[in-house]
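# Secondary and tertiary structure notes
Residue-level listing of the chains:
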Amino acid sequence: MTTALSRGLWACRCCRRLCRPSAGNGSDAERCPRCGATVRPRKPDSLSRTWALLIAAAILYVPANLLPVMQTSSMLGSSRDTIISGVVYFWTSGSPGLALLIFSVSILVPLIKLGALAYLAFNVRRPGAAGPHGLGRLYRVVELAGRWSMLDIFVIALMVGMVRFRTLATIEAGPGAAAFGAVVVLSMLAAASFDPRLLWDASGPSSHEH
């Protein structure tokens, strides 16, 4: 499979212009003649940074779901709620739609996103049956999900607002909230660090990882 890189062309990620590196240029960076952005054949250390961020996000995913994200105090007492207990609370209190929303964007979507990114990073050198086309479609789905990453934070804010409205309670963030926010940020950085062009390099005449 012929790629731009195999033809000696580099793509600017800002304006999408194809650039040919200067003859005798010993560096792995050029300036785009159109927009002036730095152009490289591939993102430096793309896989290494992606794996490091994914592993960190996966580790924090456990306390994010097991530790309390909210500490609620009211005249009726105090409670420490995890994301799971929040899902159960809204489900049993007659708000199944909100419970499903919280479960989807706070538990299911981050887990699927981490799994999909790990699958892409693992299969960069071995596309297998999916091939670069199938892996490319999976990356676009991950990219689309990334645009809604901050919805997780919105859901936590909604949970706080709902509890405050119903019980006139005092709400404080728990340690799980910090871990959860870190998972969101790390997964976004992992997706941004991954270079999807590596998926096509595996099917090209040569492989390039810097």
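Residues numbered from 1 in each chain as written. Predicted model: local features only at pLDDT ≥ 70, side-chain atom pairs only at ≥ 80, totals over all residues. Heavy atoms only, no water.

## Topic: the packing of helix H3 (residues 96-122) against helix H6 (residues 175-193)
Packed helices, taken two at a time, are described by their axes: the angle between them and the distance between them. In plain terms, the rule: Orientation is described by lines fitted to C-alpha atoms, with helices fitted over the stretch in contact, and by angles between N-to-C directions that extend from 0 to 180 degrees. A run of H or I in DSSP becomes a helix once it reaches four residues, and a run of E becomes a strand once it reaches two; helices and strands are each numbered from the N terminus. Left-handed describes a crossing whose near helix is turned anticlockwise from the far helix by less than a right angle; the clockwise case is right-handed. Here, two residues are considered to be in contact whenever any of their heavy atoms come within 4.5 Å of each other.
Interhelical geometry of H3 versus H6 gives an angle of 35° and a closest axis separation of 11 Å. In this structure, H3 meets H6 at a crossing whose hand is left-handed. Across from Ser-106, Lys-113, Leu-114 and Leu-117 in H3, the residues of H6 making contact are Phe-180, Ser-187, Met-188, Ala-190 and Ala-191.

## Details of the UniProt feature "transmembrane region" (unreviewed entry) in the protein
Heads up, the condition is: UniProt positions are given in the numbering used here, feature names are shortened, and annotations may be inferred rather than shown by experiment.
The feature "transmembrane region" (unreviewed entry), as given by UniProt, occupies residues 50-70, 98-124 and 177-194 in the numbering adopted here. Its end C-alpha atoms 37 Å apart, residues 98-124 is made of 93% helix and 0% strand. For residues 177-194, the end-to-end C-alpha separation is 26 Å, with 94% helix and 0% strand making up the annotated structure.

## Side note on the nonpolar core
Spelled out, the test is: Throughout this description, the term nonpolar core refers to a set of buried Ala, Val, Leu, Ile, Met, Phe, Trp, Tyr and Cys residues connected via side-chain atoms within 4.5 Å. To sort residues, take the accessible area from a 1.4 Å probe on protein chains only and compare it with the maximum for the residue type: under 20% means buried, over 50% means exposed, and anything in between is partly exposed.
Ala-64, Ile-83, Phe-90, Ile-102 and Phe-180 are the most contacted members of the largest nonpolar core, which totals 15 residues. Elements with a minimum of two residues in this core: helix H1 (46-66), helix H2 (83-92), H3 and H6.

## Looking at the packing of H2 against H3
Worth spelling out the cut-off: Working definition: roughly parallel below 35 degrees, roughly antiparallel above 145 degrees, roughly perpendicular at 65 to 115 degrees, and oblique for all remaining angles. Only Asp, Glu, Lys and Arg are considered charged in this grouping, and only Ala, Val, Leu, Ile, Met, Phe, Trp, Tyr, Cys and Pro are considered nonpolar; every other residue, Gly among them, is considered polar.
At a closest axis distance of 7 Å, the pairing of H2 and H3 adopts a crossing angle of 160°. Taken together, the axes of H2 and H3 lie roughly antiparallel to each other. Note on packing geometry: the crossing formed by H2 with H3 is left-handed. Judged by residue contacts, Ile-83, Ile-84, Val-87, Phe-90 and Trp-91 of H2 engage Pro-96, Leu-98, Ala-99, Leu-100, Ile-102, Phe-103, Ser-106 and Ile-107 from H3. Residue classes in the contact of H2 with H3 are distributed as 12 nonpolar, 1 polar and no charged.

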